[in-house]
2 protein chains.
Amino acid sequence: MDRTDRKILAELQKDGRLSVTELAERVGLSLSPCHRRVRALEESGVLLGYRAQLNPGALGLNFSAMVFVTLREGDRRAVEAFETALIDIPQVVDAQRLFGEPDYLLQVITQDLSAFQRLYDESLSTLPNVQRLTSTLVMKQVIQNRLLPL
Amino acid sequence: MDRTDRKILAELQKDGRLSVTELAERVGLSLSPCHRRVRALEESGVLLGYRAQLNPGALGLNFSAMVFVTLREGDRRAVEAFETALIDIPQVVDAQRLFGEPDYLLQVITQDLSAFQRLYDESLSTLPNVQRLTSTLVMKQVIQNRLLPL
DNA sequence: AATGAAATGATAGCATT
DNA sequence: AATGCTATCATTTCATT
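Cut-offs and rules
Residues numbered from 1 in each chain as written. Chains lettered and ligands numbered in written order. Predicted model: local features only at pLDDT ≥ 70, side-chain atom pairs only at ≥ 80, totals over all residues. Heavy atoms only, no water. Least-squares fit on C-alpha atoms with pLDDT ≥ 70 in both. Contact = heavy atoms within 4.5 Å. Pairing = 2+ DSSP bridges. Helix = DSSP H or I, 4+ residues; strand = E, 2+ residues; numbered from the N terminus. Axes fitted to C-alpha atoms, helices over the stretch in contact; angles between N-to-C directions. Buried < 20%, exposed > 50% of the residue type's maximum accessible area, 1.4 Å probe, protein only. Lys, Arg positive; Asp, Glu negative; His and termini not counted. Salt bridge = Lys/Arg side-chain N within 4 Å of Asp/Glu carboxyl O. Polar contact = N/O pair within 3.5 Å; in protein donor to acceptor, adjacent residues only side chain to side chain. Expected span 1.5 Å × (residues − 1). Arc of directions from axis to C-beta. Core = buried A, V, L, I, M, F, W, Y, C linked by side-chain atoms within 4.5 Å. Near = heavy atom within 4 Å. Nonpolar A, V, L, I, M, F, W, Y, C, P; charged D, E, K, R; others polar. Buried area = accessible area lost by both parts, 1.4 Å probe. Domains from an automatic or database assignment.

**Some details on the relation of the copies chain A and chain B**
Reasoning step 1: Taken as rigid bodies, chain A and chain B are interconverted by a rotation of 180° and an axial shift of 0.0 Å, the fit giving an RMSD of 0.0 Å. The transformation just described matches what one would write down for a two-fold rotation axis.
Reasoning step 2: The residues that chain A uses at the interface reappear at the interface of chain B in 100% of cases, marking a shared surface.

**Focus: the sheet that holds strand β2 (residues 63–71) of chain A**
Reasoning step 1: In spatial order, the strands read β2(A)-β4(A)-β3(A)-β5(B)-β2(B)-β4(B)-β3(B)-β5(A); together these eight strands close into a barrel with antiparallel pairing. Recorded for the sheet is a direction-independent mean angle of 35° between the axes of neighbouring strands.
Reasoning step 2: Relative to strand β3 (residues 92–98) of chain B, strand β5 (residues 130–143) of chain A runs antiparallel, the two being bridged by four bridges. Of the residues in β3(B), the one forming a bridge with Lys140(A) is Arg97(B).
Reasoning step 3: Docked against the sheet, helix α4 (residues 76–87) of chain A engages β2, β3 (92–98), β4 (104–110) and β5 of chain A together with β5 (130–143) of chain B, running at close to 90° with respect to β5(B).
Reasoning step 4: On top of the sheet, helix α5 (residues 113–124) of chain A reaches β2, β3, β4 and β5 of chain A; it is set at about 135° to β4(A), its chief contact.

**Examining the side chain of Asp94(B)**
Reasoning step 1: Tracing the backbone through its elements, the reader meets Asp94(B) in strand β3.
Reasoning step 2: Among buried Asp, Glu, Lys and Arg side chains, Asp94(B) stands out as unpaired, with Arg51(B) the closest opposite charge at 8.2 Å.
Reasoning step 3: Engagement of the side chain of Asp94(B) in a polar contact is seen with the side chain of Gln141(A), the distance being 3.5 Å.
Reasoning step 4: When near neighbours in sequence (up to four residues on either side) are disregarded, Asp94(B) contacts Gln141(A), Ile143(A), Gln144(A), Asn145(A), Leu105(B), Leu106(B) and Gln107(B).

**Comments concerning α5(A)**
Residue and element names in this part refer to chain A.
Reasoning step 1: Given a rise of 1.5 Å per residue, twelve residues ought to cover 16 Å, yet the end C-alpha atoms of α5 are separated by just 14 Å, more than 12% below that figure.
Reasoning step 2: Looking at α5, one finds that the buried residues are Ala115, Phe116, Leu119, Tyr120 and Leu124. What you see down the axis of α5 is that its buried residues fit within an arc of 140°, all on one side.
Reasoning step 3: Against β2, β3, β4 and β5 lie the buried residues of α5.

**Structural notes on the nonpolar core**
Reasoning step 1: The biggest cluster of nonpolar side chains holds 23 residues, and the ones touching the most others in it are Val69(A), Leu86(A), Val92(A), Leu106(A) and Leu124(A).
Reasoning step 2: Listed by contribution, the elements that provide at least two residues to this core are β2, α4, β3, β4, α5 and β5 of chain A together with β5 of chain B.
Reasoning step 3: In this structure Val92(A) touches Leu86(A), Leu106(A), Gln107(A), Val108(A), Leu124(A), Ile143(B) and Arg146(B), once residues within four positions along its chain are discounted.
Reasoning step 4: If you look at the next biggest cluster of nonpolar residues, it comprises 22 residues, including Val69(B), Val92(B), Ala95(B) and Val108(B).

**Quick word on the protein's contact with DNA strand C**
Reasoning step 1: Contacts to DNA strand C come from 13 residues, most closely from Ser30(A), Ser32(A), Val20(B), His35(B) and Arg39(B).
Reasoning step 2: Sugar plus phosphate, as a fraction of atoms of DNA strand C within 4 Å of the protein: 62%.
Reasoning step 3: Within the contact set of DNA strand C, a phosphate oxygen lies 3.0 Å away from a backbone nitrogen or oxygen of Thr21(B).
Reasoning step 4: Every element with two or more residues in the surface near DNA strand C is listed here: α3 (31–43) of chain A together with α2 (20–27) and α3 (31–43) of chain B.
Reasoning step 5: The residue makeup of the surface near DNA strand C, split by class, is three nonpolar, six polar and four charged.

**Brief notes about the interface of chain A and chain B**
Reasoning step 1: Facing 62 residues of chain A, the contacting portion of chain B comprises 62 residues.
Reasoning step 2: Both sides together, the interface formed by chain A and chain B hides about 6200 Å², and carbon and sulfur atoms give 60% of it.
Reasoning step 3: Where chain A touches chain B, the interface holds two salt bridges.
Reasoning step 4: Here Lys140(A) and Glu83(B) are joined by a salt bridge, their closest N and O atoms 2.6 Å apart.
Reasoning step 5: Inspection of the region where chain A meets chain B yields 49 residue pairs in polar contact (both at pLDDT 80 or more).
Reasoning step 6: Elements with a contribution of two residues or more to the side of chain A that touches chain B: α1 (3–14), β1 (47–54), β2, α4, β3, β4 and β5 of chain A.
Reasoning step 7: Here the residues of the side of chain A that touches chain B sort into 38 nonpolar, 14 polar and ten charged.

**Examining the pairing of β4(A)**
Residue and element names in this part refer to chain A.
Reasoning step 1: When you tally the buried positions in β4, you get seven out of seven residues, the bulk of the element.
Reasoning step 2: Residue alternation in β4 divides its side chains into two sets, Tyr104, Leu106, Val108 and Thr110 and Leu105, Gln107 and Ile109, and both sets are buried.
Reasoning step 3: Of the strand pairs in this sheet, β2 and β4 are connected by seven bridges, and their pairing is antiparallel. Considered in β4, the bridge of Val69 is made with Tyr104.
Reasoning step 4: Where β3 meets β4, five bridges bridge the pair, whose relative direction is antiparallel. The residue bridging Val92 from the neighbouring strand is Val108, located in β4.
Reasoning step 5: Hairpin connection, β3 to β4: the antiparallel pair is bridged by five residues, and Gly100 has positive phi, about 90°.

**Let's talk about the domain arrangement of chain A**
Reasoning step 1: Split into domains, chain A comes out as domain 1 (3–43) and domain 2 (57–137).
Reasoning step 2: Distance from the C-alpha centre of domain 1 of chain A to the C-alpha centre of domain 2 of chain A: 37 Å.

Next up, the structure:
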C-alpha cells in the first residue's frame with residue numbers, strides 16, 4: 001500500500017466505474033501496472049467491491065428513523081439471536097453495537113410514517129431479547145456515507 | 001420506473017461495475033435498451049453514481065464512535081454554522097439531524113483511540129453552537145450501509 | 001514492477017421494426 | 001420502446017525491459 005494505491009482508492013471511491021484507462025492516467029501510471037494494482041487491492045480485501053449509489057427519495061423512500069435498542073441481560077446466545085433476527089429486516093440499513101447504553105443503534109428507512117409504524121410493531125418490537133426500544137425521526141441526512149479519509 | 005428498472009437498480013447496487021452486456025442478460029433485455037435505461041436512471045437522479053466500497057480495517061481505520069450533539073438554542077444561522085463546520089471534518093462519515101434530543105448523531109471513523117481523542121478535543125469540541133457532546137464507542141458494525149430495499 | 005502490443009470483449013450511436 | 005449492427009474504445013493477457 002503506497003501512495004499510488006491510495007490515489008487509486010481515492011479515485012475509485014469517487015467514481016467506481018472509472019475505466020482503468022482513465023484511472024491509469026489520473027494516477028500517473030500506464031495501463032497494465034494500474035490494472036494489476038486494482039486486482040491486487042481487490043484480492044487483498046482492501047477493495048471490497050463496487051456499488052451504485054441510489055437516491056432514496058427518488059425511489060419513494062422518504063422516511064428515516066434512528067432506533068435505539070437496549071437488550072435484556074443475557075448470554076452470547078441472546079446477542080446472536082438478536083443480531084441474526086436484525087439482519088433479516090431489510091429496512092435496517094445500518095446497525096452498530098455500542099459499548100454501553102443503548103446496546104444498538106439502528107438506522108431504518110421506509111416509504112413513509114405508516115410503513116415505519118408497521119415495521120416497528122411487526123418486526124422491531126418483536127426482535128428477541130429486547131428490553132427497551134426508542135426511536136427518533138431523522139430530519140435531515142447531513143452527511144451520507146462519506147468517502148473514507150485516506 | 002417499472003419492474004425492469006428496479007431489477008437494473010438491484011443488480012447495480014450489488015455490483016456497480018457490471019458490464020451493460022451482463023446486466024442486459026440478467027434483466028432479460030438486449031443491450032441497447034438496457035443501456036438506454038441505465039442512462040435514463042442516471043439522468044433522472046435515481047442513480048446518483050458508483051463508488052468503490054473500501055474495508056476501513058484494512059486501511060488502518062480501526063476505531064469508530066457515535067457522537068451525540070445537542071446545540072444551544074439559536075436561529076437558523078446557528079444551525080447552518082454548525083453544519084458547515086461539520087462538513088469540513090472528513091472523519092465524520094455520517095451525520096443526521098434529528099427531531100428532538102440529541103439534535104445530531106454523528107458517526108466518526110479514525111485510526112485509533114488517540115486519533116479520536118485529538119479529533120474530539122481539536123475539532124468536535126470546537127464546533128460552533130454546541131451545548132453538549134457525548135460519545136460512545138462502536139463495538140461492532142453489525143450492518144454497514146445495506147442495499148436499499150427495492 | 002512497469003511498459004507496449006495485440007486479441008478479446010464492452011460501449012454507444014444509428015438505422016430498423 | 002426494443003432490437004441488431006457496427007465503429008470505437010476498454011480490458012486483459014503476454015512478451016519485453
